[in-house]
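# Fold and contact review
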Amino acid sequence: MKTYEVFLKKAGRDEFRHAGSLDAPDPEMALMYARETHARRAEGAEMWLVERGNVLVADPDALAVNDDKPHRHNDGTLVAARRKERREGDDS
Amino acid sequence: MHTLADPPTMRGRSWADLDDFQAFIDGGGMVEPGDDMPTEYRDEVFRFIEFHANSELMGGLTERDWIPHAPGLRLKQIFLAKTQDEIGHAHLLYMVAADMGVKTRTEMLEQLFDGRSRFHNVFHYQAVTWADQVAIAFLVDAAAFASQRAVFAECTYGPYKRVLKRIVAEEGFHMRHGEEMLLRLATGTPTQHEMFQAALDRWWWPAVQLFGPDSPPGDADPLIRWKIKSQRNEDLRQAYVQKYVPLLHGYGFEIPDPELRQDAEGVWRAGTIDWEPLKATMRQGGPDSKRRIATAAANWADTAWVREALEVSA
Ligand SMILES: [Fe+2]
Ligand SMILES: [Fe+2]
């Protein structure tokens, strides 16, 4: 038995999404199991199956929020404060 | 370098102790299979998912038994689809459970068929007539739906939450089929009406008891503390009684509870619940436990050749 990861994508929108996993003895059976377990009610227009051992997993630490790179974000605080000030100024 | 096939705990987060873990949960954290979760959490959540998986499988097997008896082609098709849904739910859940690394799927199945594992009380009773299947679809699927939806609402174990989304959606179809079948019996001949009343007399209490006895006080239940369950057993049970009593009365049926009453605020209150029948089912001592488990085990044995053939072809 091999374990496969199942991905489904709806027609014309969104990305492929992980739908679950299954055990199957060969690729042909894997496709049939996936259809019967994950796609009985048109949950996707496209389906991908990937053998679990072929999915590379990144180190979570490499994905941690980059606290040292605040310049990659802008939460808009300064501009929001200025706008609020102007709005309140208009009311008075 | 790691792949998804490596042992999970080699690639995830870890926590200093249970307090640290609790703070993570209280802060809205979700646990994933790769995390080095506390053993207590792993064991408790695994047990819960295994119980759920076993229940789906045992439920699916009863649905299957009734396909030949379903009156008419449309209902046979509905029961075929429902059986496939329930077995599908079991498949999804056994995969999620097996990935927790406590037991393999084969171990879970063998322990279930040996009578060493637990499953929902309602699958320890016998469906006597077709009306029982209607009562199961209307009452039991609805109770399962309510309790699963309450788990889905928070559910800090990511893979479980993701499969629950699908399971809950499909339980919704079963409930709607259930109420439609009930409508037909309720508005049918007097015999059909009597048949459903008799089935209701058999299934009302098991359905109400599915939610279990009151949750232990405060957050003494680890499943509540770890936000697997979002609601207490007694609250789910009360909401169920409040919804289903008027519905059944509306179809002209009587609830087999002489102490049932409506309080000053119009809330329906069930009478005293005898928990002995529920406890008996947890010991495999329900009215139909032995036969159900034996049938499932025989089924597993009869299909051994299929599994062997698959192994050879692989
Ligand atoms: Fe189900
Ligand atoms: Fe169901």
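Here the structure is a predicted model, which is why all the values come from computation and not from measurement. Numbering of residues begins from 1 in every chain and follows the order in which that chain's sequence is written. Going through the entries in the order they are written, you letter the chains from A and number the ligands from 1. Whole-chain, interface and lining totals are the exception, using all residues; otherwise, since this is a predicted model, local features are given only for residues with pLDDT of at least 70 and side-chain atom pairs are given and counted only at 80 or more. For the side-chain quantities, the full set of heavy atoms in the structure was used; hydrogens and water were omitted.

## Observations concerning the coordination of the iron ion (ligand 1)
Residue and element names in this part refer to chain B. Coordination of the iron ion (ligand 1) by the protein comes from Glu56 (OE), Glu86 (OE), His89 (ND1) and Glu171 (OE), over a distance range of 2.0 to 2.3 Å. Of note, the iron ion (ligand 1) draws all its donor residues from one chain, in the sequence arrangement E-x29-E-x2-H-x81-E. In this structure the iron ion (ligand 2) is found 3.6 Å away from the iron ion (ligand 1), and Glu86 serves as a bridging donor for the pair. Residue Glu86 is found in helix α3 (residues 73-98), and its partner Glu171 is found in helix α6 (residues 158-186); the two are separated by 85 residues along the sequence. Of the two residues, Glu86 and Glu171, both sit in the buried class. Each metal site is built from N, O and S donor atoms within 2.8 Å (3.2 Å for Na, K and Ca), and since water is not included, such sites may look incomplete. A run of H or I in DSSP becomes a helix once it reaches four residues, and a run of E becomes a strand once it reaches two; helices and strands are each numbered from the N terminus. For the exposure calls, accessible area comes from a 1.4 Å probe over protein chains only, and a residue counts as buried if that area is under 20% of its type's maximum, exposed if over 50%, partly exposed in between.

## A word on the coordination of the iron ion (ligand 2)
Residues and elements named next belong to chain B. For the iron ion (ligand 2), every protein donor is listed as Glu86 (OE), Asp141 (OD), Glu171 (OE) and His174 (ND1), and the spread of their distances is 1.8 to 2.2 Å. Any coordination sphere not matching a tetrahedral pattern (four donors, all angles between 85 and 135 degrees) or a square planar or octahedral pattern (four or six donors, opposite donors over 155 degrees apart, other angles between 65 and 115) is reported as irregular. Between the 4 donor atoms coordinating the iron ion (ligand 2), the angles at the centre fall across 90 to 150°, so the site counts as irregular. In terms of primary sequence, the donors binding the iron ion (ligand 2) are separated according to E-x54-D-x29-E-x2-H.

## Brief notes about unusual backbone geometry
All names here are of chain B. Backbone geometry at Cys155 places phi at a positive 45°, although glycine is not the residue there. Mapped onto the secondary structure, Cys155 falls in the loop between α5 (130-153) and α6. Phi angles above zero are rare outside glycine, and Lys227 is one such case at about 55°. The exposure class of Lys227 is partly exposed, given its relative accessible area of 23%.

## Comments concerning the pattern of salt bridges
Residue and element names in this part refer to chain B. Basic side-chain nitrogens of Lys or Arg form a salt bridge, by our definition, when they fall within 4 Å of a carboxyl oxygen of Asp or Glu. Per the counting criterion, the structure on display carries 30 salt bridges over all chains. Lys82 serves as the salt-bridge partner of Asp141, at 2.9 Å between the closest nitrogen and oxygen. With a gap of 59 residues between them, Asp141 in helix α5 and Lys82 in helix α3 connect regions that are remote in the sequence. We classify Lys82 as buried; its relative accessible area is 2%. Close ionic contact of Lys229 with Asp221 constitutes a salt bridge, the shortest N to O distance being 3.7 Å.

## Digging into the confidence of the model for chain A
How sure the predictor is of each residue is captured by pLDDT, a score from 0 to 100. The share of residues in chain A with pLDDT of 70 or more is 96%, and the mean pLDDT across the chain is 90. Across chain A, strand β3 (residues 46-51) of chain A holds the top mean pLDDT of 97, while helix α2 (residues 60-63) of chain A sits lowest at 75.

## Focus on the packing of aromatic side chains
All names here are of chain B. Note on ring pairs: Phe, Tyr and Trp rings are taken, using the six-membered ring of Trp, and paired if centres are within 6.5 Å. Classes follow the plane angle, with under 30 degrees stacked, over 60 edge-to-face and the rest tilted. The final tally for this structure, using the stated rule, is 16 aromatic pairs over all chains. Measuring from ring centre to ring centre gives 5.1 Å for Trp15 and Phe21, while their planes differ by 80°; the resulting arrangement is edge-to-face. Both residues of the pair, Trp15 and Phe21, belong to the buried class. A network of ring pairs unites the aromatic residues Trp15, Phe21, Phe24, Tyr41 and Trp226 as a single cluster. Over the ring of Trp300 we find Arg307; its NZ or CZ atom is 3.4 Å from the centre of that ring. Look at NZ for Lys and CZ for Arg. If either is within 6 Å of the ring centre and within 35 degrees of the ring normal, a charge sits over the ring.

## Observations concerning the nonpolar core
By nonpolar core is meant a set of buried Ala, Val, Leu, Ile, Met, Phe, Trp, Tyr and Cys residues that side-chain atoms within 4.5 Å join together. Counting 91 residues, the largest nonpolar core has Tyr41(B), Leu139(B), Tyr157(B), Tyr160(B), Trp204(B) and Tyr240(B) as its most contacted members. For this core, the element with the highest residue contribution is α5(B), accounting for 15 residues. We call two residues in contact whenever any of their non-hydrogen atoms come within 4.5 Å of each other. Dropping the residues within four chain positions of it, Trp204(B) is found in contact with Leu139(B), Tyr240(B), Val241(B), Tyr244(B), Val245(B), Leu248(B), Ile255(B), Pro256(B) and Asp257(B). Formed by 6 residues, the second largest nonpolar core is a distinct cluster that contains Tyr4(A), Val6(A), Ala24(A) and Ala34(A).

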